[in-house]
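The residues making up each chain are set out below.
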Amino acid sequence: MYFRNYLKKLTGRVFKVAVIYFLFLFVDAIPFSLASDSIGFYPLWETTGNVLEHRRLYLGTNGAAFGIANTAQIGVQPVSFMYRAPNIQAKFLLFKRAPWSIATQLGATQMLEQASRAFLSPMYTSRLDNPDFSITLLPVSIGASYDVSDWLQIHQGLTGLTLLGHGVLKDEFTPGYSVVAELMALNHHSALIHVADVGLWKHDLTLLGISYRYQSSWFEFRLGYFYRFRSTGMQSSPLIGFGFSLS
Amino acid sequence: MKIGRTHRIILGITLPLSLSLASCDWIPYAFMNSIPFHGDSAKNPDVYVYLGVDGLSYFTTQDAIKDGSFSDPQWRLAKFVTGFPGTSDASWTRIMHTEELGGYEFAYYDPTKDTILNRGLVGILEHVAPSLSSSINFEPEYLRGFDYWANGYSHVINAYNDTFVSYADSVGNLFSLLEGRAETATVFTAYLVEIDVMGHLQASTDVSKALSYLAKKIEEFKRNHPERNFHFTLFSDHGLDFIPVEKDRLVKFESELQKVGVTPVDSIKSHNPSAELFAIPVVHTRVTYMALHTHPDLIEKIAEKTSLIPSVDLAVAHLKQGPTTAEWFGIWKDGKLAASFGFDANRDLYFIPSDAHFEEVGLNADFGGSSGLRTATDQELFQQTKNSTYPDLFYRIRTSLSPVGCKFPADVLASLKPSYVSMGFQIMDADTLTAHSGFHGSLEYRGTLGTLLTEEKEIPDAVRSDTLLDLFPRLKNHLRDRSVHFVEGDKNAATE
Ligand SMILES: [Zn+2]
């Protein structure tokens with residue numbers, strides 16, 4: 001009974017997403033080739049092997065970053081920043097020779113007291129609740145992007161997250177691995193499949209998602225739907241992002 | 001239709017922008033719910049979980065128990081005797097002791113403005129419109145008492161559209177959140193809406209199966225988390241009669257009032273009480289009660305006339321005068337004042353005329369006395385009525401006509417006979433989305449008896465829902481921690 005209904009529900013969700021996709025097909029322009037993703041879509045656990053071009057500024061909801069010397073980028077997660085979680089990320093290109101691009105990223109996020117309650121809508125709830133204590137997150141990751149062909153790019157990320165719980169939560173280290181397959185259409189559009197495991201040998205959650213990326217020379221829009229599976233329950237929600245690429 | 005270039009650009013920019021703004025929460029929602037973390041179980045070895053399950057009938061819970069759910073010996077089940085009218089907003093407001101509503105539901109009559117507020121579609125909107133932020137928010141105050149009550153903007157629409165799917169989503173999210181919260185918290189509260197929706201749209205066996213699914217998940221969760229002791233409590237806001245409604249028993253109250261000589265009106269001040277009999281009916285969704293407001297001089301007459309409507313079981317109202325100075329209440333049946341009683345709030349004492357015939361209103365309790373008035377304590381009456389057709393009749397009538405949980409109680413309340421339902425406000429012809437298989441709202445026991453099921457402590461076999469927070473002080477403190485303003489409610493609510 002639940003399975004049949006799940007299919008029904010899923011079709012409903014896919015339909016809603018499809019409507020938005022088609023609206024986007026109206027926005028056409030001159031053909032151009034899709035730039036590689038240098039930020040990743042799903043927060044915290046996804047990364048890529050690319051960095052932004054020199055002096056290119058990307059301002060988006062899933063990340064804001066500035067490219068330096070074609071070998072580094074520095075950025076923040078602006079939405080978290082506004083939700084009482086100031087943060088910074090620095091990313092360095094380690095290796096680039098077609099078809100590979102490999103980079104490492106260091107980040108720091110301070111979740112201030114009450115960050116978990118900063119949602120605009122009371123219809124969203126966080127598992128982590130920090131009403132009276134702060135949390136420090138220090139993720140370090142290596143991302144590798146691999147061009148399988150001109151229509152397929154694979155992004156992999158290996159992340160180690162150090163959490164400092166300031167006496168309330170236990171200080172702990174959690175590894176995670178993510179893989180994203182990006183199917184790139186001729187121009188502007190790509191479809192992505194996201195899979196990640198957080199915890200690996202001390203499994204915490206499995207992430208599964210699909211998303212769509214639209215890109216013009218200056219504008220990017222992303223829309224996806226993600227499931228988080230845990231042994232005790234499942235959460236799901238859409239994820240949306242838009243940004244401007246400036247130079 | 002051809003879309004011009006300018007339109008495309010406008011559409012291309014405004015659509016994602018507005019979507020993004022409305023969905024800002026999706027990013028932190030994904031971010032914060034992907035952080036692995038652990039607390040120290042020595043700091044909170046016991047975790048108390050309170051689940052507000054909308055519309056969970058006492059009898060549904062009994063069925064689930066018969067099917068083997070909640071079989072561990074620590075579970076205790078009580079009849080949770082909820083308020084009258086048995087409607088979600090009013091009832092949750094009273095149970096959680098949150099700020100009074102205007103009336104019993106979102107649509108209500110405000111006598112200071114002499115008009116009905118939030119009528120029709122606006123009243124329905126409250127239940128389905130997403131809360132975009134804590135200030136752009138149609139949700140009633142009591143939901144703030146719950147750590148978790150929705151899994152996204154479209155949750156409530158999904159709950160009606162695809163109830164079982166939405167339920168699986170909610171339960172999955174509930175345990176996912178509980179697992180996280182339990183790492184640091186001692187108390188976790190959550191609200192589930194789907195059981196109520198199922199009750200209105202499905203058969204009772206479907207609802208008890210859904211409850212058994214929750215029971216299974218609770219057991220599973222406890223097994224997977226041996227590092228802490230979890231104590232669950234389930235409570236609900238009303239019962240459900242599981243009587244499918246026939247088309248000819250959907251009552252349009254405006255026309256029924258006219259048939260018994262009462263003119264339905266929109267305003268009281270613009271009518272003359274010495275020239276006509278008039279009342280303002282407040283129409284909600286499909287419920288088994290009806291609230292009426294009228295001129296103070298007409299209250300008893302309107303109650304009497306209303307009780308003549310074939311679908312009306314009992315009409316209740318204040319009596320202008322009684323044998324004592326106490327507050328007096330009347331119960332009308334078939335056009336006659338069938339019974340009355342008085343109440344002295346200072347002594348928490350009821351007065352019952354010794355010649356009262358409460359058997360006429362379905363109570364078998366013996367209230368007879370030698371002459372004059374007999375007095376009865378609240379506790380006595382609760383014990384005598386808790387298993388009757390109209391559980392806790394005296395307290396429920398008294399408080400329904402008093403400003404408990406609502407600022408502007410009705411002047412006359414009609415409780416419908418089983419199988420009759422107020423047609424309510426219609427949204428187009430959405431019959432499949434409208435309640436048809438079960439209802440609540442009336443004084444009768446099926447819509448009245450909710451569930452109180454707990455493994456936290458011993459409880460009596462019947463509990464007045466207004467007293468829940470006294471029975472579970474941890475829950476009360478948790479509401480305070482969530483900055484939910486506590487409203488005392490009726491000061492004589494305690495049954496002991
Ligand atoms: Zn309800």
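Residues numbered from 1 in each chain as written. Chains lettered and ligands numbered in written order. Predicted model: local features only at pLDDT ≥ 70, side-chain atom pairs only at ≥ 80, totals over all residues. Heavy atoms only, no water.

Student: Mind showing me how you'd approach the pairing of strand 1 (residues 57-60) of chain A here?
Tutor: Sheet faces and side chains relate simply in a regular strand, where the side chains alternate between the two faces. Residues and elements named next belong to chain A. Only one face of strand 1 is buried: it carries Tyr58 and Gly60, and the other face, with Leu57 and Leu59, is open. Both strand 1 and strand 12 (residues 234-246) contribute to a ladder of 4 bridges, which runs antiparallel. When the bridges of strand 12 are listed, Leu57 appears paired with Leu246. The hairpin formed by strand 1 and strand 2 (residues 63-68) contains 2 residues between the paired strands. (Buried < 20%, exposed > 50% of the residue type's maximum accessible area, 1.4 Å probe, protein only. Helix = DSSP H or I, 4+ residues; strand = E, 2+ residues; numbered from the N terminus. Pairing = 2+ DSSP bridges.)

Student: I tried to follow the packing of aromatic side chains on my own but got confused; where do I start?
Tutor: The tally for this structure, following the rule as stated, stands at 34 aromatic pairs over all chains. Pairing Phe242(A) with Phe244(A) gives two aromatic rings, centres 6.0 Å apart and planes at 85 degrees, and the pair type is edge-to-face. Exposure remark for Phe242(A): the relative accessible area of 11% places this residue in the buried category. Ring centres of Phe343(B) and Tyr350(B) lie 4.6 Å apart, and the angle between their planes is 50 degrees; on these two criteria the pair is classed as tilted. (Phe/Tyr/Trp six-rings, centres within 6.5 Å; stacked < 30°, edge-to-face > 60°.)

Student: So what exactly am I meant to see when it comes to the nonpolar core here?
Tutor: The tendency in soluble globular proteins is for nonpolar side chains to be buried side by side. Ranked by internal contacts, the top residues of the largest apolar core, which has 72 residues, are Met111(A), Phe235(B) and Leu452(B). By residue number, the principal contributor to this core is helix 2 (residues 26-32) of chain B, which donates 6 residues. Contacts of Met111(A), omitting those with residues within four sequence positions, involve Arg84(A), Ala85(A), Leu128(A), Asn130(A), Phe133(A), Ser134(A), Ile135(A), Leu137(A), Phe31(B), Met32(B) and Ile35(B). By size, the runner-up hydrophobic cluster in this structure holds 35 residues, among which are Tyr167(B), Phe175(B), Leu192(B) and Leu211(B). (Core = buried A, V, L, I, M, F, W, Y, C linked by side-chain atoms within 4.5 Å. Contact = heavy atoms within 4.5 Å.)

Student: What exactly am I supposed to notice about the environment of Ile102(A) here?
Tutor: All names here are of chain A. Considering the arrangement of structural elements, one finds Ile102 in strand 5 (residues 100-111). Judged by relative accessible area, Ile102 falls into the partly exposed class, the value being 21%. Residues Ile102 and Ala144 lie 42 residues apart in sequence; the distance between their C-alpha atoms is 4.4 Å. Ignoring sequence-local partners within four residues, the contact set of Ile102 consists of Gly49, Phe92, Leu93, Leu94, Phe95, Ile142, Gly143 and Ala144.

Student: Is there a simple way to think about helix 7 (residues 163-181) of chain B in this case?
Tutor: It helps to recall that an α-helix has 3.6 residues per turn; residues three or four apart then point in one direction. The terminal C-alpha atoms of helix 7 of chain B lie 26 Å apart, and with 19 residues this matches the ideal 27 Å at 1.5 Å per residue to within 8%. Helix 7 of chain B sits mainly inside the fold: 19 of its 19 residues count as buried. (Expected span 1.5 Å × (residues − 1).)

Student: Quick question: what am I supposed to make of the environment of Asp54(B) here?
Tutor: Residue and element names in this part refer to chain B. Tracing the sequence through the fold places Asp54 in the loop between strand 1 (46-53) and helix 3 (58-66). For Asp54, a relative accessible area of 2% translates into the label buried. Taking the C-alpha atoms as reference points, Asp54 and Val197, 143 residues apart in sequence, are found 8.4 Å from one another. A polar atom in the side chain of Asp54 sits 3.3 Å from the side chain of Ser88. A polar atom in the side chain of Asp54 sits 2.7 Å from the side chain of Tyr191. (Polar contact = N/O pair within 3.5 Å; in protein donor to acceptor, adjacent residues only side chain to side chain.)

Student: How should the coordination of the zinc ion be read in this particular structure?
Tutor: Ideal geometry at a metal centre gives angles of 109.5 degrees when four donors are arranged tetrahedrally and 90 or 180 degrees when six donors are arranged octahedrally. All names here are of chain B. Taken together, the protein ligands of the zinc ion are Asp54 (OD), Ser88 (OG), Asp237 (OD) and His238 (NE2), with distances of 1.9 to 2.1 Å. One can describe the donor arrangement at the zinc ion as tetrahedral, given that its 4 donor atoms subtend angles of 95 to 125 degrees at the metal. Mapping the donors of the zinc ion onto the primary sequence gives the spacing D-x33-S-x148-D-H. Pair noted here: Ser88 is in helix 4 (residues 88-96) and Asp237 is in the loop between strand 6 (229-235) and strand 7 (250-251), with a separation of 149 residues, a long-range link. Here Ser88 matches Asp237 in class, with each residue buried. (Donors = N, O, S within 2.8 Å, 3.2 Å for Na, K, Ca; no water. Tetrahedral: all angles 85-135°; square planar, octahedral: opposite > 155°, others 65-115°.)

Student: Hey, could you run me through a nonpolar patch on the surface in this one?
Tutor: All names here are of chain A. A cluster of nonpolar residues, Leu94, Phe95, Trp100, Ile142, Leu158, Phe173, Tyr177, Leu200 and Trp201, forms a patch on the protein surface that exposes about 910 Å² of accessible area. Elements supplying a minimum of two residues to the nonpolar patch: strand 4 (87-97) and strand 8 (172-184). Looking at the secondary structure, you find Phe95 in strand 4. (Patch = residues over 30% accessible without salt bridge, like charges linked within 9 Å, V, L, I, M, F, W, Y side chains within 5 Å. Areas by Shrake-Rupley, 256 points an atom, 1.4 Å probe, with all protein chains shown as cover. Salt bridge = Lys/Arg side-chain N within 4 Å of Asp/Glu carboxyl O.)

Student: So what exactly am I meant to see when it comes to the pairing of strand 11 (residues 219-229) of chain A here?
Tutor: Residue and element names in this part refer to chain A. Burial runs high along strand 11: 10 of the 11 residues are buried. In terms of strand pairing, strand 10 (residues 205-215) meets strand 11 through 10 bridges, oriented antiparallel. In the strand pairing of strand 11, Ile210 is matched with Tyr225. Remark: 3 residues form the turn of the hairpin made by strand 10 and strand 11, two consecutive strands paired antiparallel. Sheet topology note: the strand 11/strand 12 ladder contains 11 bridges and is antiparallel.

Student: Any chance you could explain the domain arrangement of chain B here in plain terms?
Tutor: Note on interface size: it is often stated as the accessible area lost on association of the parts. Residues and elements named next belong to chain B. Structurally, chain B comprises domain 1 (46-243 + 440-481) and domain 2 (247-433). Computed from C-alpha atoms alone, the centre-to-centre distance between domain 1 and domain 2 is 27 Å. Between domain 1 and domain 2, the residue contacts involve 47 residues of the former and 50 residues of the latter. At the boundary of domain 1 with domain 2, total buried surface from both sides reaches about 4,100 Å², with 60% on carbon and sulfur atoms. For domain 1, the biggest contributors to the area lost against domain 2 are Tyr104, Leu443 and Arg464; these three give 19% of the whole. Asp392 serves as the salt-bridge partner of Arg464, at 2.8 Å between the closest nitrogen and oxygen. There are 25 residue pairs in polar contact (both at pLDDT 80 or more) connecting domain 1 and domain 2. (Domains from an automatic or database assignment. Buried area = accessible area lost by both parts, 1.4 Å probe.)

Student: How should the packing of helix 7 of chain B against helix 9 (residues 204-224) of chain B be read in this particular structure?
Tutor: Helix packing for two helices is described by the angle between their axes and how far apart those axes are. Residues and elements named next belong to chain B. At a closest axis distance of 11 Å, the pairing of helix 7 and helix 9 adopts a crossing angle of 20 degrees. Here helix 7 lies roughly parallel to helix 9, going by the angle between them. Note that helix 7 runs across helix 9; the crossing there is right-handed. Side by side, helix 7 and helix 9 meet where Phe164, Tyr167, Ala168, Val171, Leu174, Phe175, Leu178 and Glu179 of the first sit next to Asp206, Ala210, Leu211, Tyr213, Leu214, Lys217, Ile218 and Phe221 of the second. (Axes fitted to C-alpha atoms, helices over the stretch in contact; angles between N-to-C directions. Parallel < 35°, antiparallel > 145°, perpendicular 65-115°, else oblique. Left-handed = near helix turned anticlockwise from the far one by under 90°.)

Student: Is there a simple way to explain the confidence of the model for chain B in this structure?
Tutor: Close inspection of predicted coordinates is inappropriate for parts of the model with low pLDDT. Predicted confidence across chain B gives a mean pLDDT of 89, with 89% of residues reaching 70 or more. This prediction of the complex comes with two scores: 0.90 for pTM and 0.88 for ipTM. (pLDDT = per-residue confidence, 0-100.)

Student: Sorry if this is basic, but what is going on with the sheet that holds strand 10 of chain A here?
Tutor: Remark on secondary structure: sheet strands pair via backbone hydrogen bonds, oriented parallel or antiparallel. Residues and elements named next belong to chain A. Taken together, the 12 strands give a closed barrel; going around it, the order is 1-2-3-4-5-6-7-8-9-10-11-12, and neighbouring strands pair in antiparallel fashion. When the angles between neighbouring strand axes are averaged without regard to direction, this sheet yields 20 degrees. Here strand 3 (residues 72-76) runs beside strand 4; their pairing, made up of 4 bridges, is antiparallel. When the sheet's bridge partners are listed, Gly75 is paired in strand 4 with Gln89.

Student: What is the right way to read the packing of helix 8 (residues 194-201) of chain B against helix 9 of chain B from this model?
Tutor: Residue and element names in this part refer to chain B. As a packed pair, helix 8 and helix 9 sit with axes 8 Å apart at the nearest point and diverge in direction by 160 degrees. Between helix 8 and helix 9, the crossing angle belongs to the class labelled roughly antiparallel. Taken as a pair, helix 8 and helix 9 cross one another with a handedness that is right-handed. Contact residues: Ile195, Met198 and Gly199 in helix 8; Val207, Ala210 and Leu211 in helix 9. Split into classes, the residues belonging to the contact of helix 8 with helix 9 amount to 5 nonpolar, 1 polar and no charged. (Nonpolar A, V, L, I, M, F, W, Y, C, P; charged D, E, K, R; others polar.)

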